[in-house]
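# Summary of structural features
One-letter residues, chain by chain:
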Amino acid sequence: MATSGGPRAGNPPSNYNPNSIADNMQNLQINRPNQPPNLGAGPRGPVPPFGPPDQPPRGPASLAPPFSAPPRGPPTFSAQAQGMPQQQPSPFGAQPWQAQSRPNVPPPPIPGSAQPPRMYGMQPPLPNQQSMATISPTMGAGGAAVTGPSKIDPNQIPRPIPNTSVLLHETRQGNQANPPPPATSEFIVRDTGNCSPRYMRCTINQIACTSDLLTTSGMQLALLVQPLALPHPSEEPIQIVDFGESGPVRCSRCKGYINPFMKFVDQGRRFICNFCGFTDETPRDYLCNLGPDGRRRDADERPELCRGTVEFVATREFMVRDPMPAVFFFLIDVSMNAVQTGATAGACSAISRVIADLPEGPQTMVGIATFDSTIHFYNLKRALQQPLMLIVPDVQDVYTPLQTDVIVQLSECRQHLDLLLESIPTMFQNNKTADSAFGAGIKAAFLAMKSTGGKLLVFQSVLPSVGIGALSAREAEGRTNISAGEKEPHKLLQPVDKTLKTMAIEFAEYQVSVDVFLTTQSYVDIASISIVPRTTGGQMYYYHPFSALSDPAKLYNDLRWNVTRPQGFEAVMRVRCSQGLQVQEYSGNFCKRIPTDVDLPAVDCDKAIMVTLKHDDKLQDGTECSFQCALLYTTVNGQRRIRVSTLSLPCTTMLSNLFRSADLDTQFSCFLKQAANEILTNPLLHVREQVTNLCINILHAYRKFCATVSSSGQLILPEALKLLPLYTLALIKSVGLRTDARIDDRSFWINYVFPLSAQLAIPLVYPRMISIHDLDLKETEGSVIPPVIPLSSEQVNEHGIYLLENGEDCLIYIGSTADPDTMRKLFGISSVDEIPSQFVLQQYDNPLSKKLNEVINEIRSQRCNYLRLKLCRKGDPSGALFFSYMVEDKSPGGLSYVEFLVHVHRQIQSKMT
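Computed from a predicted structure; not experimentally measured. (Residues numbered from 1 in each chain as written. Predicted model: local features only at pLDDT ≥ 70, side-chain atom pairs only at ≥ 80, totals over all residues. Heavy atoms only, no water.)

## Looking at the overall build of the protein
To keep things clear, this is the line we draw: Where helices and strands are cited, they refer to DSSP runs of H or I of at least four residues and of E of at least two residues respectively, numbered from the N terminus. A contact between two residues is defined here by any heavy atoms of the two lying within 4.5 Å. Here the Shrake-Rupley method, with its probe set to 1.4 Å, supplies the accessible areas, and only the displayed protein chains count as covering residues.
Of regular secondary structure, the protein possesses 23 helices and 33 strands. Put simply, of all contacts in the protein between residues at least 6 apart along the chain, 75% involve residues at least 24 apart. When the accessible surface of the protein is summed, it comes to about 34,900 Å², and 51% of that surface belongs to carbon and sulfur atoms.

## Considering a nonpolar patch on the surface
Applicable threshold: Residues enter patches when their relative accessible area tops 30% and they take part in no salt bridge; the joining distance is 9 Å for like charges and 5 Å for the nonpolar side chains Val, Leu, Ile, Met, Phe, Trp and Tyr. Any Lys or Arg side-chain nitrogen located within 4 Å of an Asp or Glu carboxyl oxygen qualifies as a salt bridge. Residue burial is assigned from relative accessible area. The probe radius is 1.4 Å, only protein chains are included, and a residue is buried under 20% of its type maximum, exposed over 50%, and partly exposed in between.
There is a patch of nonpolar side chains on the surface, built from M389, I391 and M427 and spanning about 260 Å² of accessible area. Relative to the helices and strands, I391 is located in strand β18 (residues 388-392). We classify I391 as partly exposed; its relative accessible area is 48%.

## Let's talk about empty space enclosed by the protein
Put simply, the rule reads: Here the term cavity refers to a set of points on a 1 Å grid, laid over the protein atoms alone, in which a 1.4 Å probe fits but cannot get out; the term pocket refers to an open set having protein on both sides within 12 Å along at least five of seven lines, with lining residues being those that place an atom within 4 Å of a point. Grid points are joined across faces, edges and corners, and a volume is the space filled by probe spheres set on the points. The nonpolar class holds Ala, Val, Leu, Ile, Met, Phe, Trp, Tyr, Cys and Pro. Asp, Glu, Lys and Arg form the charged class, and all remaining residues, Gly among them, are polar.
Overall, the coordinates contain 12 cavities of 30 Å³ or more when judged by the stated rule. Of the voids in this model, the largest cavity is the one considered here, and its volume is about 420 Å³. Broken down by secondary-structure element, the contributors of at least two residues to the lining of the largest cavity are α12 (531-535), β22 (540-543), α13 (552-564) and α18 (743-753). The biggest single contributor to the lining of the largest cavity is α13, with four residues. Classifying every residue of the lining of the largest cavity gives 12 nonpolar, nine polar and nine charged.

## A short note on the packing of aromatic side chains
Rules: Note on aromatic contacts: the rings of Phe and Tyr and the six-membered ring of Trp form a pair at centre separations within 6.5 Å, being stacked when their planes are under 30 degrees apart, edge-to-face when over 60 apart, and tilted otherwise. Distance and angle both matter: a charge sits over a ring if NZ of Lys or CZ of Arg is within 6 Å of the ring centre and within 35 degrees of the ring normal.
Under the counting rule described, the total for this entry stands at 19 aromatic pairs. Note on F459 and F517: the rings are 4.8 Å apart at their centroids and 15° apart in plane angle, and the pair reads as stacked. A residue pair is termed long-range when its members are at least 10 positions apart, and F459 in strand β20 (residues 454-460) and F517 in strand β21 (residues 512-519) qualify at 58 residues. What makes F459 buried here is its relative accessible area of 3%. For F517, a relative accessible area of 0% puts it in the buried group. Members of the aromatic cluster, joined through ring pairs, are F243, Y257, Y286 and F312. Positioned over the ring face of F264 is R296, at 4.8 Å from the centre of the ring. The positively charged end of R353 is found above the aromatic ring belonging to Y556, 3.8 Å away from the centroid.

## Quick word on the confidence of the model for the protein
We count it as follows: Values of pLDDT, which run from 0 to 100, indicate the predictor's confidence residue by residue.
Predicted confidence across the protein gives a mean pLDDT of 84, with 81% of residues reaching 70 or more. Every residue in residues 1-73 scores below 50 in pLDDT, and together they form 241 contacts with partners more than four places removed in sequence or on other chains. Ignoring residues within four places in sequence, the model shows residues 79-129, a span with pLDDT below 50, making 99 contacts including any to other chains.

## Details of the environment of R198
How we decide: Side-chain atoms alone can form a polar contact between residues adjacent in sequence; in general such a contact is a pair of N or O atoms within 3.5 Å, and within protein one must be able to donate a hydrogen while the other accepts it.
Examined against the element boundaries, R198 turns out to sit in the loop between β6 (187-190) and β7 (200-202). A sequence separation of 560 residues divides R198 from A758, and the C-alpha atoms of the two residues are 8.7 Å apart. A distance of 2.5 Å separates a polar atom in the side chain of R198 from a polar atom in the side chain of E235.

## Focus: the pairing of strand β23 (residues 567-577)
Test applied: Pairing between two strands is assigned when DSSP locates at least 2 bridges connecting them.
Here β23 lies mainly inside the structure; nine of its 11 residues are buried. Across six bridges, the pairing between β23 and strand β25 (residues 598-604) is antiparallel. The residue of β25 that forms the bridge with G568 is V603. As paired elements, β23 and strand β27 (residues 624-635) share eight bridges and run antiparallel to each other.

## Digging into the environment of H905
On the secondary structure map, H905 appears in helix α23 (residues 897-912). Measuring from C-alpha to C-alpha, the distance between H905 and Q714 comes to 8.0 Å, with 191 residues separating the pair along the chain. Not counting residues within four places of it along the chain, the set of residues in contact with H905 comprises S712, G713, Q714 and L715.

## Things to note about the sheet that holds strand β26 (residues 609-615)
We count it as follows: Between N-to-C directions, angles cover 0 to 180 degrees, with each direction set by a line fitted to C-alpha atoms, over the stretch in contact for helices.
Across the sheet, which stays open at both edges, the four strands sit in the order β7-β9-β26-β24 with antiparallel pairing between neighbours. Every interior strand has two partners, whereas the edge strands, β7 and β24 (581-587), have only one. Put simply, the sheet's adjacent strands are angled 25° from each other on average, direction ignored. Both β24 and β26 contribute to a ladder of six bridges, which runs antiparallel. Looking at the pairing, V583 lines up with L613 of β26.

## Here's the deal with the pattern of salt bridges
The final tally for this structure, using the stated rule, is 40 salt bridges. Put simply, R565 and D606 hold a salt bridge, and the shortest N to O gap is 2.8 Å. Highlighted residues: R565 in the loop between α13 and β23 and D606 in the loop between β25 and β26, separated in sequence by 41 residues. We classify D606 as buried; its relative accessible area is 14%. A cluster of three or more residues bridged by salt bridges with shared partners is formed by R296, D298, R302 and E304.

## Quick word on the side chain of K554
Along the polypeptide, K554 turns up in helix α13. Filtering out sequence-adjacent residues up to four positions away, K554 remains in contact with Y543, E808, N865, Y866, L867 and R868.

Quick look at the structure:
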């Protein structure tokens, strides 16, 4: 039998040494429940071995119908030419690489009823005792806690302990929900009734029976849903269920879909809905007798009655029109700045290479337009000798010329496309037009796509300055008036007006989603532009400052993953929950026209939506509460599907159960998303205080109601949330909440956070750091990536070289006295003074370089992101950037981790008195 993924019995945590407790720390107690430790930056899901771009990654047993190639698995990436250091890499060509296939990972241990490990020299935990960490300050001579600066030993404070083994997670066992493994760990799910935590996670894995109990805990009740999340390659594919003309069985009152928690009664002739409690007649052709256990005899043969996630084939009633074709429209900035910085050539090169990866078949349509102060469409019809340019000069009242021939079947225009993409950079090489009509460009492209819907991919390099939705450089006024910006809500993080928002709502109505690739070297007002991708289910990509040497490889890989990842079009999503609870609000990248549903012109495997819940009645202790996410969407191959994920969790009246079953990753993801939302309307200082108070309130509730026996001199943390103070501090010091960040950087951070998944939330603020100067000496157990290092400058030695990554950027710090030979092996430089400002990773012919390339490729595939690489050194802005991530240090932006724990402890003590 698979297990819930508990640790192996009897092994103490790897970083624990019973003899090393320093004299100035009386005791730090950590009794852990049978659950793996939470880790800061672990793998993001599965990694099949991957090959060059022309060969799709191997995923699990294919669930062919819903998605086009490549099968599900993280992206294959392409890097610059490797193994030929002497050759100048071409700025736009990026050769594919072949990663090493993984060694066979040993199967995860399967503990039976083994006790959780405990630290040596401790009393065995009592059954059902609250599991907690206690941190005591130094005792004075008389035995009273010393006041003044508390001496907490930095080596004994809670830190993430990565779990390198693969966990097996069975979603239900013995008719009970199993709490999920940490989102940041690598796990394999066996769906035994509840959906995989990849598709839906709850902030607390037991549901408070009353709203008062929930309020007392200080925690919030929310779901993080990611309906198309990537499965692990070893997981079974989702079953597709076709009910024929009649469609899936549903509750006639609340329209909930049939699932394992609907109860059949009266010999199976009727069923009771687990959401609204209504009793329905079982449809004639769905009748089946019940067994002695009260379950239908066919329950285990029917996926919808035994699996937490299934996909139903949608009938005509779910379609307003025929399923739409897969339309990809590329809109390229050719203004003077875009051409001169190499952004136009980078975009054209990326598009021409990605065309080969678009889904094949008659469903796939493409279109291309370019823009500066006017818009240029291209007629891609086969009959013409070469693509014909059609110019739209009016950027205030936009129209689309020749609607029929601007978007054509991919199979009909391959040659024209290649020719056109090759000639655009030369065609505009002497362009002296500095203006950009971004708003008019997307409006004109939308008009061409309006009849079908589809994906609009925009490459933008400068501040949109003319036509509809033109913007001004308001960042300058923000710089001169930063104190006013701090005192009142920061207007510069909100769109300048409603023009683009109004356009975006219309785009969403016609199923057009917009992705924006910002290849820029200056301020572009992301706060205003981002409203378009956010409202249409799209995404922002940000390359600042854009480098024609190092960024085209990332641009190509980002674009390629964007169009090949599992995704759907013209989607609608709704979450239902049992009586007693209701959905309060949704948050993410979508458009909302009616309160209960979320409209998603596009939806993909990387995007999550946060669903906050509230009580509207009491729940019954001892019963279970169900949640169901239904996503109606069109596959890339033009099939209409309903993906339904159901999760059923126990209800409780005990506060201690809420703390025991808290899910740190999901709670922190919600913290993060709420903070991002607050930054838009409140001064940063206010948001930082709010975030700190959220953390203190939760820990105070635990201290007051669940840990009353201990002395007030101890800081007591619930085991499940013991890293909450560390991650809260990291959030306060992040780009989003730091006072010194650029306006565009903060706006991008906010937009990156809104659709962020649980497994990427913690790494964003608490990145993963490893040393790479000694890669060839390290024994990594079953993992390519060496052990992580705490984010403290004490851990960074000037003789060493360190890599730090947060899922989006990858910084490599080269110490001022690093070994020249190691630098030569890794980067082809022999001194710190030779560090280039723009860096392209090469693979040199030595084991150390090969190992570094393996590590970076592994991180890229875990994160489903190519990651921008930057070399950093001391005494340089790049070094300051690297050290700004050392969140455990004291900094101008905030307290050290030890000081923050002392601050939290004091706040709790003052609340207790």
